[in-house]
Every structure is written in structure tokens, then in C-alpha cells.
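Coordinates in review
Here is what each chain is made of, one letter per residue.
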Amino acid sequence: MTLSTTRGALKYEGKAKRVYESGQPDLYIVEYKDDATAFNGVKKAQIMGKGAINNAITSAIYPQLEQAGIPTHFLAQLSDTEQLVRAVTIVPVEVIVRNVAAGSFSKRLDVAEGTALAVPVVEYSYKSDALGDPMINTDTAVALGWADYEELSHIRELALKVRGFLTPFFAARGVRLIDFKLEFGKLENGHIILADEISPDTCRFWDAETGDKLDKDRFRRDLGGVEDAYAEMLKRVVLSTE
Ligand code: TMP
Ligand code: ASP
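Small disclaimer: the values here were computed from a predicted structure and weren't measured. (Residues numbered from 1 in each chain as written. Chains lettered and ligands numbered in written order. Predicted model: local features only at pLDDT ≥ 70, side-chain atom pairs only at ≥ 80, totals over all residues. Heavy atoms only, no water.)

On to the side chain of serine 22. The topology assignment puts serine 22 in the loop between β2 (17–21) and β3 (27–32). Side-chain polar atoms of serine 22 contact the backbone oxygen of glutamine 24, separated by 3.0 Å. Looking at serine 22, its side chain comes within polar contact range of the main-chain oxygen of leucine 27, at 2.7 Å. (Helix = DSSP H or I, 4+ residues; strand = E, 2+ residues; numbered from the N terminus. Polar contact = N/O pair within 3.5 Å; in protein donor to acceptor, adjacent residues only side chain to side chain.)

Structure, rendered in C-alpha cells:
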């Protein structure tokens, strides 16, 4: 296969990434930005080197997910901040998987952060910046035509399979995977595959020994040491798989 790597027209710009056409209709180029936002874009900053780190971490993990039997959009890392991916239509349902109570779950249910969950909890939100990604259930997604029940049940199964790979993967690197967010895309033939990133922007990572936060909560909560936390996760994931 010849891979075209020339950036074409901008297809989509999100808060942390841009998606470009590639010259081949079934392939897109994703560019990771240093921009960071929180609270639905209310808080904004640049995290130096974040784009390259999140690209490197995602590019290291996705091929391993494929090997573990999870179909993904990832094809190749093209540069520090770019990836070649399969063109998909993103299903506008964000899938959050929780191993341990934290963040909005802790707030909503008044459960202390760090409380173990007896079973993994899968939650769904509607991917809408305008609405602040409101929580939904699967009936909502079907009722509004975003996916059918079969697709949603497949998505849930894939999300738990991703958890089954990632939890021991990070544990082996001294990191507790507290929770994470996934997005899925649809190929032209209707197949659902994993899309988007897996990075400190989209996961909660706590150091297994010290409990230190090694993710975007350092930015969201003004804890300081944001760049160092991202660099530490790069070291644990990428340097330890080389
Ligand atoms: P939450 O506890 O704030 O709902 O976050 C759950 C997980 O989802 C956490 O690992 C961070 C990630 N996340 C995103 O990737 N994007 C978002 O917009 C939000 C709010 C959370
Ligand atoms: N990315 C989201 C936003 O800007 C929120 C987050 O990651 O906390 O709003």
C-alpha cells in the first residue's frame, strides 16, 4: 500500500486536534495540538510539547490494541505531531470507562475519589461542545439516531476489551488507570472501530506508589507540574516499549 502523507483540506478542528484530508478518500491525517482546555473550553492554555507527547503515547498504544484484537483507525505515526488514520465518521457518543471513582462520578454521586468500583462502570455522553458533552444513556443515542442497539452493545464490548488491555499495561509501568474516555468511528462499510487518542488528556493516571496524578487533572485543578506529568507518562509508555 502506498501511503499518501500530503496534508489536504482541513476536515475538522477540535480542541486538541485537527483532522485533514490526505489525498486518499479513505485516509485522514490527524495533527495533535499543544492547546489544552477544561470545563468545556472555559479554561484554556498551551501545554508545551503536549501534542507530540499525546501523539507518541497514542502511536505506541494503538498497534498493541490492534494486536490484542481491537480494530482501530490508527495506521502510522507520520511525524512528531501527526498520524495517518483510516477515515471514519465519529459516532457522537463519548464512552467513559471507570475502574475507580474520580472526577465527575465522585462529584455526582458523592463517592470519595479513589474508591474502588466492584465492577467497571461504562458511561456515555453526547459529544457536543455546545452542550458540554451531557451524559446520556444508550436509549437516548438510539432514539436520536446516533447508533443502533447492536452497535452500542459492540461499542461497550470493545470499550471493556480496551480496559482489559490498558489496565495491566499501565500497571506494569507503575500507573493505576483510574478512568478513561474513548471515541469510536464508523467506516464506510459500517464497521465500528476505535478512533481518537489514548493519552493523559483522556485518561486519569495515578502513580501506583505515590498516588501522584500524571494526567490532565494537574491542569484542570491547577496542581502545577503539568508538563512534567506528561513527560513522565511519555517515559513510562514509550521509552519502556522501545
Ligand atoms: P470525568 O470524571 O470528568 O467525567 O472524566 C472521565 C474521564 O474522561 C477522565 O479520564 C477524563 C476524560 N475526559 C475526556 O477525555 N474529555 C472530557 O471532555 C472530559 C470531561 C473527560
Ligand atoms: N476537554 C474538555 C474541555 O475543554 C474537558 C476536559 O478534558 O476536562 O472542555
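Quick look at the packing of helix α1 (residues 50–67) against helix α6 (residues 226–239) now. Where α1 meets α6, the axes come as close as 10 Å, and the angle between the chain directions of the two elements is 25°. With respect to each other, α1 and α6 are oriented roughly parallel. Read as a crossing pair, α1 and α6 show a hand that is left-handed. Along its contact with α1, which presents Lys50, Ile53, Asn54, Ala56, Ile57, Ala60 and Ile61, the element α6 presents Tyr230, Ala231, Met233, Leu234, Val237 and Val238. Within the contact of α1 with α6, the residues separate by chemical class into 11 nonpolar, one polar and one charged. (Axes fitted to C-alpha atoms, helices over the stretch in contact; angles between N-to-C directions. Parallel < 35°, antiparallel > 145°, perpendicular 65-115°, else oblique. Left-handed = near helix turned anticlockwise from the far one by under 90°. Contact = heavy atoms within 4.5 Å. Nonpolar A, V, L, I, M, F, W, Y, C, P; charged D, E, K, R; others polar.)

Time to look at the pairing of strand β6 (residues 74–77). Two elements, β6 and strand β7 (residues 82–86), share three bridges in a ladder whose sense is antiparallel. The residue bridging phenylalanine 74 from the neighbouring strand is valine 85, located in β7. The loop that links β6 with its antiparallel partner β7 comprises four residues. (Pairing = 2+ DSSP bridges.)

A few words on the side chain of serine 125. Note that serine 125 resides in strand β10 (residues 116–126). Here serine 125 falls in the buried class, since its relative accessible area comes to 6%. When near neighbours in sequence (up to four residues on either side) are disregarded, serine 125 contacts Pro92, Val93, Glu94, Ile96, Asp133, Pro134, Met135 and Ile136. (Buried < 20%, exposed > 50% of the residue type's maximum accessible area, 1.4 Å probe, protein only.)

Moving on to the sheet that holds β2. Taken in spatial order, the five strands make up an open sheet running β1-β2-β3-β7-β6, and their pairing is antiparallel. Each edge of the open sheet is held by one strand with a lone partner, namely β1 (10–13) and β6. Strand after strand, the sheet turns through a mean of 25° between neighbouring axes, direction not considered. In terms of strand pairing, β3 meets β7 through five bridges, oriented antiparallel. Within β7, the position partnered with leucine 27 by the bridge is arginine 86.

Taken together, 14 residues are adjacent to ligand 1, and Arg98, Ser104, Asp179, Lys181 and Arg204 come closest. The contact in question runs from an oxygen atom of ligand 1 to an N or O atom on the side chain of aspartate 179, over 2.5 Å. Between ligand 1 and arginine 204, the relevant distance is 2.9 Å, taken from an oxygen atom to a side-chain nitrogen or oxygen of the residue. For ligand 1, the accessible surface in isolation is 450 Å², of which the surrounding protein chains cover 76%. Those elements giving two or more residues to the shell around ligand 1 turn out to be β9 (93–100), α2 (103–109), β12 (175–186) and β14 (203–207). The element best represented in the shell around ligand 1 is β12, accounting for three residues. Taken together, the residues of the shell around ligand 1 sort by class into four nonpolar, three polar and seven charged. (Near = heavy atom within 4 Å. Areas by Shrake-Rupley, 256 points an atom, 1.4 Å probe, with all protein chains shown as cover.)

On to the packing of aromatic side chains. Enumeration according to the criterion identifies five aromatic pairs in this entry. Across the ring face of tyrosine 32, the terminal group of lysine 17 is positioned such that the distance to the ring centre comes to 5.5 Å. The aromatic ring of phenylalanine 219 is capped on one face by lysine 43, whose charged end is 5.0 Å from the ring centroid. (Phe/Tyr/Trp six-rings, centres within 6.5 Å; stacked < 30°, edge-to-face > 60°. Lys NZ or Arg CZ within 6 Å of the ring centre and 35° of its normal.)

All residues adjacent to ligand 2 are Lys15, Thr37, Ala38, Phe39, Asn40, Gly41, Lys216 and Arg220. In the model, an oxygen atom of ligand 2 is placed 3.4 Å from a nitrogen or oxygen of the alanine 38 main chain. Within the backbone of glycine 41, one N or O atom sits 3.0 Å away from an oxygen atom of ligand 2.

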